[in-house]
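Structural overview for review
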Amino acid sequence: MVFLSIPNGKTLSIDVNPNATTLSSFEQLIHQRTDLPQSLLRYSLRIRNPSLINPDSLLLSDLGVSRFSTLIINVPLLGGMQSASVPPVPPKPRLDFLNSRPPTNYVAGLGRGATGFTTRSDIGPARAAPDLPDRSAAAAAAPPPAEKAEDDEEAEEKGYDENQKFDEFEGNDAGLFANAEYDEDDKEADAIWESIDQRMDSRRKDRREAKLKEEIEKYRASNPKITEQFADLKRKLHTLSADEWDSIPEIGDHSLRNKKKKFESFVPIPDTLLEKAKKEKELVMALDPKSRAAGGSETPWGQTPVTDLTAVGEGRGTVLSLKLDRLSDSISGQTVVDPKGYLTDLKSMKRTTDEEIYDRNRARLLYKSLTQSNPKNPNGWVAAARIEEMDGKIKAARLQIQRGCEECPRNEDVWLEACRLANPEDAKAVIARGVKLIPNSVKLWLEAAKLERDDENKSRVLRKGLEHIPDSVRLWKAVVELANEEDARILLHRAVECCPLHLELWLALARLETYDNSRKVLNQARVKLPKEPAIWITAAKLEEANGNTAMVGKIIDRGIKTLQREGVVIDRENWMNEAEASERAGSVATCQAIIKNTIGIGVEEEDRKRTWVADAEECKKRGSIETARAIYAHSLTVFLTKKSIWLKAAQLEKSHGSKESLDALLRKAVTYVPQAEVLWLMGAKEKWLSGDVPAARAILQEAYAAIPNSEEIWLAAFKLEFENKEPERARMLLAKARERGGTERVWMKSAIVERELGDVEAERRLINEGLEKFPKFFKLWLMLGQLEERFKHLELARKAYESGLKHCPDCVPLWLALANLEERVTGLNKARAILTMARKKNPQVDELWLAAIRVELRHDNKKEAEHLMSKALQECPQSGILWALDVEMAPRPRRKTKSMDAMKKCDRDPHVTAAVAKLFWQDKKVEKAGAWLKRAVTLAPDIGDFWALYYKFELQHGNEESQKEVLAKCVACEPKHGEKWQAISKAVENAHQPIDVILKKVVIALSKEQNAAA
């Protein structure tokens, strides 16, 4: 193969053998391929050796042409009288210094800053393997014959050609073996030499690595790292003392970012610049007077811009006032502009930015291309119309959608859009054309009905649509809604004939028919839709509504069995939802029947109790009381002897039922569970609260007969008599209880009765007898000490408390009582010592820390109190009562921070919540204070102090209704704890006072304490 470069810059490949092809045949072949004149080809090919005359016997190889050689066809430049036979002018000889060798280490261009580079002569002599021809522009000119002959002679003398490429694989010897084949022997020889090289390299590897390691160590010794330079100093750092460490000066940050910034001065922008920017931004909608004078063909350039911004503002105000005056009524002088909504209207005005305009223009072009390329695509027409509508070009939008209707007459979306964009007068005509072309489109008929104003015309349109689409449920529903009851019944009869598989139509027809006809309709619906449970539920509701309650359960039972035969999966959750829906509809019997027949489906036997109770509680939370009652009723038929279910059912009746239903349930409960004390006591209490004391006594007598040795029943009977001011009956009951070996509670109640009756000796005797039998019962020791304190026998009271602490060293109330006694008798030091001893014996008890802090505060030792508070919070970090006192002790500016810390530690503690409420109260933030007090009583409804604080707040800032609400909630919660609450409720004079009275007394006590502190 030989390559040929022709004058037009193209390179051709000719498949010939240079050793067998003559010059004349080669010329003819080129002439056939390129259409070049043969004389020009002969001149260009023989210019290399003009002495050769016979082209028929001359081979290409004789001219020096080998395989893959490139021959260049030159076009001679002939001018004037010059003949074509004249040989070309030889090129000028090269300069002498170009033919000489460069000096050693010479780098061209180094003096002007150029970097060194490697040439072929630096690499060494080599002959390149046969390569593809060079197609660059430099190859367009062939070397002259004389120069080529000189190069060949020089290559023959040297034995190699310097112009050949260096081969990376074969090196400089590539020319020797360029035509040799690389066979298996060569491959084997290369593998052997490579293994020899690897072997020699492995023998020298250890010596080479040792030498390299030595050089690295030598380099590191001469150039050590900074960490190695200071290694000995670092090892000595452990000898430094703490003072020496502190005396080390700080390094400081001297970086550029921390340097002080220079003062930057800001110069206000001149008015001329602002006015210029404004002129550049605004759009001129009118010609200048000077321009108008010139006919609009000139733009005055000599005008001076207005620089007074005050005048600009006044002008704007003038324009606004003119607009408002134009909108006013010129006759009556009353303005028609809404002064309140005017600014809102201005804000609602849509401003179109340049970006939006650009986007709309792009979208317009896009949709235009879409509608032109695919005119049958309705979405493109709708989008194009909406783009015009967004731009405010309603007429263009209507034209676009009109073209869309012409191109896509069978698409309902295009007609709906056309109806929306059309004028109210033309909309009917547009939709009429649409329904005429697409008579089976439900949307078009509904839209046509919407365009009518009165119901009669709407109904007429819809009925016309039903003539074309009789199986459209939407059209039937719409026409039924517009009809009266009688017409609706007739229409629904026709609707269920046309749409027999639609449930809603059947149910609507059943609701409109009479009882007998409704049953027939539901039977027909059940035949058409045998897998629909709603038909059975509706039938049950129908029977219940007509008084056939006995049929309700049978219908639901039969319906579930029928559905199961039809292969319908009974989903328990769905049926329970249907039961709740029936309850909301007033069909209680249907709800109960559904629960009875479906509550046990899909529930394992061992999980029934837990699952049913959870279901009842969920229904109770959602307000479905009848559903929850039905679940408990069915559960009690399965678990007759489960006390917990009876209690849940009783609590439900107590909260949402009547007294009669609760009494009947409790009567039934004690019949099946006679050993449940709580059920007897609940029944007796309900009778007592309702005012029927004899009935309560009778229930307790029955309970005593069922459970003869129950102390709870004895104490309940005592409380009943005692609260109803029957002390003799109470004494007798307690005496019988003591005779039967009552517990410490019986002795305590006995002493309380004697205390209220005023028999001090009997009280002391009962306390002493109780202590002999129950020396570990701390309440008797407290009662003895309080008895002695009442009669000023302080020494005996101290002995009683100390004796109680010997038997009950962990009793915090005894320690507090003794400390209070010592504070009143001997002073601060003794009380402080007792409280310190109590904290040692009972660590991490916040009540003891609280008492110690309050003792210090009562004696004006604020610093000591703060010291104790810090210790207390370290030992009891989660104590809400301590955090509440810490908030109150803090100075006013720090209380907010303290309250935030307290909330982080004790988020749901009622004491902290009440303390935060007090802060809001002091800051006059009434709403927040009320919300936080409500949260406090919600977190701890058993603490009466919070109810008193809440009631006091409502007395100051609430109304009568809110005060009554708080009082009623307090009475319902029956609080029993609280520091102030217990002190007042357990006083002898308040023994039989109701809760509302005690609440008001606690409020009075809080007010007195607040006034004393102020």
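A brief structural summary. The written sequence of each chain sets the order in which its residues are numbered from 1. Residue-level local features of this predicted model are given only where pLDDT is at least 70; pairs of side-chain atoms are given and counted only at 80 or more, and the full residue set underlies all totals for whole chains, interfaces and linings. Side-chain numbers come from the whole structure's heavy atoms, not from hydrogens or water.

**Concerning the overall build of the protein chain**
Selection rule: Where helices and strands are cited, they refer to DSSP runs of H or I of at least four residues and of E of at least two residues respectively, numbered from the N terminus. Residue contacts follow a heavy-atom distance rule, with two residues in contact if any of their heavy atoms lie within 4.5 Å. Reported accessibility uses the Shrake-Rupley method at a 1.4 Å probe radius. Residues are deemed covered only where the shown protein chains occlude them.
Across its full length, the protein chain carries 53 helices and three strands. Taking all contacts inside the protein chain whose residues are at least 6 apart in sequence as the whole, residues at least 24 apart take part in 52%. Total accessible area on the protein chain is roughly 66,100 Å²; 53% of this is exposed by carbon and sulfur atoms.

**A closer look at unusual backbone geometry**
Threshold: Exposed residues in this analysis have more than 50% of their type's maximum accessible area, buried residues have under 20%, and partly exposed residues fall in between, with area computed by a 1.4 Å probe over protein chains only.
A positive phi angle, close to 60 degrees, is found at aspartate 860, a residue other than glycine. With respect to the helices and strands, the residue aspartate 860 is situated in the loop between α44 (846-858) and α45 (862-875). Positive phi, normally seen in glycine, also occurs at lysine 924, with a value near 65 degrees. Summarising the element assignment, lysine 924 is placed in the loop between α48 (910-922) and α49 (926-939). Residue lysine 924 is classed as exposed on the basis of its relative accessible area, which comes to 69%.

**Thoughts on the nonpolar core**
Keep this limit in mind: Residue types Ala, Val, Leu, Ile, Met, Phe, Trp, Tyr and Cys, when buried and joined through side-chain atoms within 4.5 Å, form a set referred to as a nonpolar core.
Core analysis: the largest hydrophobic core is formed by 120 residues, its most contacted members being Leu475, Trp476, Ile631 and Leu679. For leucine 475, the contacting residues outside a window of four places in its chain are Val442, Trp445, Leu446, Leu462, Gly465, Leu466 and Ile469.

**Describing the packing of aromatic side chains**
To keep things clear, this is the line we draw: Between the rings of Phe, Tyr and Trp (Trp by its six-membered ring), a pair exists once the centres lie within 6.5 Å; its type follows the angle of the planes, with under 30 degrees stacked, over 60 edge-to-face, and the other angles tilted.
A complete count under the given rule lists six aromatic pairs for this structure. The interplanar angle of 65 degrees and the centroid separation of 6.1 Å between the aromatic rings of tryptophan 612 and phenylalanine 639 together place this pair among those described as edge-to-face. Of this pair, tryptophan 612 sits in helix α30 (residues 608-621) while phenylalanine 639 sits in the loop between α31 (625-638) and α32 (643-656), placing them 27 residues apart in sequence. According to the relative accessible area criterion, phenylalanine 639 is buried, its value standing at 14%. Ring centres of tryptophan 646 and tyrosine 672 lie 6.0 Å apart, and the angle between their planes is 15 degrees; on these two criteria the pair is classed as stacked. Taken as a pair, tryptophan 646 in helix α32 and tyrosine 672 in helix α33 (residues 659-672) lie far apart in primary sequence, 26 residues in all.

**Examining helix α1 (residues 23-34)**
Quick reminder of the rule: Helices are assigned an expected span. That span is 1.5 Å times one less than the residue count. Read the arc as the range of directions from the helix axis to the C-beta atoms.
Taking 1.5 Å per residue, 12 residues should reach 16 Å; α1 reaches 16 Å between its end C-alpha atoms and fits that length. Those residues of α1 not exposed but buried are Leu23, Ser24, Phe26, Glu27, Ile30 and Thr34. Taken end-on, α1 shows its buried residues confined to a sector of 160 degrees, consistent with a single buried face. Downstream of α1 by a residue or two, aspartate 35 has a phi angle that is positive, lying close to 65 degrees.

**Re a positive patch on the surface**
What counts is decided by this rule: To count toward a patch, a residue needs a relative accessible area over 30% and no salt bridge; like charges are then connected within 9 Å, while nonpolar side chains (Val, Leu, Ile, Met, Phe, Trp, Tyr) are connected within 5 Å. Just to be clear on terms, a salt bridge is a Lys or Arg side-chain nitrogen sitting within 4 Å of an Asp or Glu carboxyl oxygen. Residues scored as charged are limited to Lys and Arg (positive) and Asp and Glu (negative), so that His and the chain ends carry no count. The location of each charge is read from NZ of Lys, CZ of Arg, CG of Asp or CD of Glu.
A cluster of like positive charges, contributed by Arg199, Arg203, Arg204, Arg207 and Lys211, occupies part of the molecular surface. Those elements that provide at least two residues to the positive patch are α6 (184-203) and α7 (205-222). Relative accessible area serves as the criterion here: at 38%, arginine 204 is assigned to the partly exposed category.

**Points about helix α50 (residues 944-957)**
Across its 14 residues, α50 extends 20 Å between first and last C-alpha, which sits within 8% of the 20 Å expected from 1.5 Å per residue. A large share of α50 lies buried, amounting to 11 of its 14 residues. Regarding α50, the residues found buried are Gly944, Asp945, Phe946, Trp947, Ala948, Leu949, Tyr950, Tyr951, Lys952, Phe953 and Glu954. Taken together, the buried residues of α50 touch α48, α49, α51 (960-973), α52 (979-985) and α53 (995-1013).

**Here we look at the side chain of threonine 371**
So the rule is basically this: Counted as a polar contact is a pair of N or O atoms within 3.5 Å, where, for protein atoms, one must be capable of donating a hydrogen and the other of accepting one, and residues adjacent in sequence contribute only when both atoms are in side chains.
Residue position: threonine 371 is located in helix α15 (residues 354-373). At 2.9 Å, the side chain of threonine 371 and the backbone oxygen of lysine 368 are in polar contact. Here threonine 371 is in contact with Gly380 and Trp381, once residues within four sequence places are set aside.

**Some words on a nonpolar patch on the surface**
On the surface, Ile192, Trp193, Ile196 and Met200 cluster together into a nonpolar patch covering about 400 Å² of accessible area. Within the fold, methionine 200 resides in helix α6.

**Structural notes on the state of the cysteines**
Rule in force here: In plain terms, two cysteine sulfur atoms within 2.5 Å form what is called a disulfide here.
A complete count under the given rule lists zero disulfides for this structure. A disulfide-free cysteine, cysteine 498 has its sulfur positioned 6.0 Å from the sulfur of cysteine 499, the nearest such atom. With no disulfide of its own, cysteine 811 lies closest to cysteine 808 among cysteine sulfurs, the gap being 5.9 Å. Cysteine 811 sits in the buried class, given a relative accessible area of 7%.

**Describing the side chain of threonine 627**
Position of threonine 627 among the secondary structure elements: in helix α31. Since its relative accessible area comes to 0%, threonine 627 is described here as buried. Apart from residues lying up to four places away in sequence, threonine 627 is in contact with Ala579, Glu580, Glu583, Cys591, Ile595 and Cys619.

**Examining the pattern of salt bridges**
Scanning the entire structure with this criterion turns up 51 salt bridges. Residues arginine 731 and glutamate 754 are paired through a salt bridge, measuring 2.8 Å at the closest nitrogen-oxygen approach. Remark: glutamate 754 occurs in helix α38 (residues 744-757) and arginine 731 occurs in helix α37 (residues 727-739); sequence separation between them is 23 residues. On the accessibility criterion, arginine 731 (27% relative accessible area) is partly exposed.

**Things to note about the environment of glutamate 822**
The residue glutamate 822 is located in helix α42 (residues 812-825) in this model. Exposure remark for glutamate 822: the relative accessible area of 2% places this residue in the buried category. Sequence separation between glutamate 822 and isoleucine 834 is 12 residues; the distance between their C-alpha atoms is 8.5 Å. Sequence-distant contacts of glutamate 822, that is, excluding residues within four places in its chain, are made with Arg798, Gly827, Lys830, Ala831 and Ile834. A polar atom in the side chain of glutamate 822 sits 2.4 Å from the side chain of arginine 798.

**Thoughts on the sheet that holds strand β2 (residues 11-14)**
Applied cut-off: One requirement defines pairing of two strands: DSSP has to find at least two bridges between them. Note on geometry: axes are C-alpha line fits, over the in-contact stretch for helices, and angles between N-to-C directions span 0 to 180 degrees.
One open sheet holds the three strands; their spatial order is β2-β1-β3, and the pairing between them is mixed. Bordering the open sheet on either side are β2 and β3 (70-72), each of which pairs with just one other strand. Taken over all neighbouring pairs, the strand axes of this sheet differ in orientation by 25 degrees on average, direction set aside. Bridge analysis of strand β1 (residues 2-5) against β2 gives four bridges, and the strand direction is antiparallel. Counterpart to leucine 4 in the pairing with β2 is leucine 12.

**Some words on the packing of α45 against helix α46 (residues 880-889)**
Where we set the bar: Each crossing is labelled by how the near helix is turned from the far one, with a counterclockwise turn of less than a right angle marking it left-handed and a clockwise turn marking it right-handed. Asp, Glu, Lys and Arg are counted as charged, while Ala, Val, Leu, Ile, Met, Phe, Trp, Tyr, Cys and Pro are counted as nonpolar; the rest, among them Gly, fall into the polar class.
Where α45 contacts α46, the two axes come as close as 11 Å, and the packing angle between them is 145 degrees. α46 is crossed by α45, and the crossing has left-handed handedness. Residues Lys862, Ala865, Glu866, Met869, Ala872 and Leu873 of α45 form the contact with α46, whose own contacting residues are Leu882, Trp883, Leu885, Asp886 and Met889. Class assignment for the residues of the contact of α45 with α46 results in eight nonpolar, no polar and three charged.

**Some thoughts on a negative patch on the surface**
Together, Glu181, Asp183, Glu184, Asp185, Asp186, Glu188, Asp190, Glu194 and Asp197 line one region of the surface with negative charge. One can find aspartate 186 in helix α6.

**Overview of the environment of aspartate 942**
Locating aspartate 942 in the fold gives a position in the loop between α49 and α50. Given the relative accessible area of 30%, aspartate 942 is considered partly exposed. Once the C-alpha coordinates of aspartate 942 and proline 975 are considered, the two residues, 33 residues apart in sequence, prove to be 4.1 Å apart. Here aspartate 942 is in contact with Glu974, Pro975, Lys976 and His977, once residues within four sequence places are set aside.

**Concerning the environment of arginine 755**
Positionally, arginine 755 belongs in helix α38. The exposure class of arginine 755 is buried, given its relative accessible area of 18%. Between the alpha carbons of arginine 755 and leucine 787 there is a distance of 8.9 Å; along the sequence they are 32 residues apart. Here arginine 755 is in contact with Glu763, Arg790, Lys986 and Val988, once residues within four sequence places are set aside.

**A few points about the pairing of β1**
On β1, burial covers both faces: Val2 and Leu4 on one face and Phe3 and Ser5 on the other are all buried. Note that β1 and β3 share three bridges and pair parallel. From the neighbouring strand, phenylalanine 3 faces β3, where its bridge partner is threonine 70.

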